[in-house]
Amino acid sequence: TARERFLQTDAAINPGNSGGPLVSLDGEVIGINTAISSRAGGNDGIGFAVPINLAKWVSDQLANGGKVHRAYLGVGIQPVTATLAEQFNVKPREGVAVTEVFPNTPAAKAGLKSGDVIVDYAGVAISSPSELQLLVERSELGRPHPLTVVRDGKRMSLQFIPAEQPSEFGTSVGSTSSSQSQPESSQLEKL
């Protein structure tokens, strides 16, 4: 759940049919039903589905190699709030702030630094940590991807070469060694 933006639906999903398709009015499969939230446990609540693009990405990897390979940067990140936007000379929600760069990671090799704001990844403007995480983890391993960062108020370009995320590398942390003012731990993430 920390990785994905689920599709939310009020279509009837009963306990036991998780894994079934979520179908559009045009008959297209747009998601895989995953969970339901209801007061009584029946179809009177809301349902959540994994978007079909994620399901295809995972199933292609499983079919071709039997394992899902996710790329990672090797940084701690947080959203750019209005207060941070002023400090970093960017707009609110423009990019994500790098709170920590872990040693011997693709981010360290790319030259990212704590205090950088990642505003663009491979030509896609970034506005949230989850958006960056989804883009990075699905990146082709070993192929360079351009990063645009704001450092000390100036935009600069870096080249990032994705590597496979080690199994021990987590998706969220409770603290970081950043010198920035610390938001609640739920806002900090490892990527």
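For every chain, the first residue of the written sequence is number 1, and numbering continues from 1 along that sequence. Confidence filtering applies because this is a predicted model: local features only for residues at pLDDT of at least 70, side-chain atom pairs given and counted only at 80 or more, and all residues used for totals across whole chains, interfaces and linings. Only hydrogens and water are set aside when side-chain values are computed; all heavy atoms of the structure are taken into account.

With that out of the way, let us pick up the overall build of the protein chain. Secondary structure elements are taken from DSSP: a helix is a run of H or I of four residues or more, a strand is a run of E of two residues or more, and numbering for both begins at the N terminus. Within the protein chain, the regular secondary structure consists of 4 helices and 13 strands. Here the protein chain holds 191 residues, and the buried ones make up 40% of them. Whether two residues touch is decided by their heavy atoms; if any such pair falls within 4.5 Å, the residues are in contact. Of all intrachain contacts in the protein chain linking residues separated by at least 6 positions in sequence, the fraction that spans at least 24 positions is 52%. Counting every atom, the protein chain has about 10,400 Å² of accessible surface; 50% of that belongs to carbon and sulfur. The buried label goes to any residue with under 20% of its type's maximum accessible area, the exposed label to any with over 50%, and the partly exposed label to all in between, with areas taken from a 1.4 Å probe on protein chains only. For every accessible area listed, the method is Shrake-Rupley and the probe measures 1.4 Å; residues are considered covered only by the protein chains on display.

For this analysis, a salt bridge means a side-chain nitrogen from Lys or Arg found within 4 Å of a carboxyl oxygen belonging to Asp or Glu. Going through the model one piece at a time under the given rule, you end up with 5 salt bridges. Across the salt bridge formed by E164 and K67, the nearest N and O atoms sit 3.5 Å from each other. Linking E164 in strand β12 (residues 163-164) with K67 in the loop between α1 (52-65) and β5 (71-72), this pair joins segments that are 97 residues apart in sequence. With a relative accessible area of 45%, K67 lands in the partly exposed category.

In summary, the pairing rule links any two rings of Phe, Tyr or Trp, Trp by its six-membered ring, whose centres are within 6.5 Å, and it sorts them by plane angle into stacked for under 30 degrees, edge-to-face for over 60 and tilted for everything else. For the coordinates displayed, the defined rule picks out 1 aromatic pair. We count a charge as sitting over a ring when the NZ of a lysine or the CZ of an arginine lies within 6 Å of the ring centre and within 35 degrees of the ring normal. Across the ring face of W57, the terminal group of R138 is positioned such that the distance to the ring centre comes to 5.6 Å.

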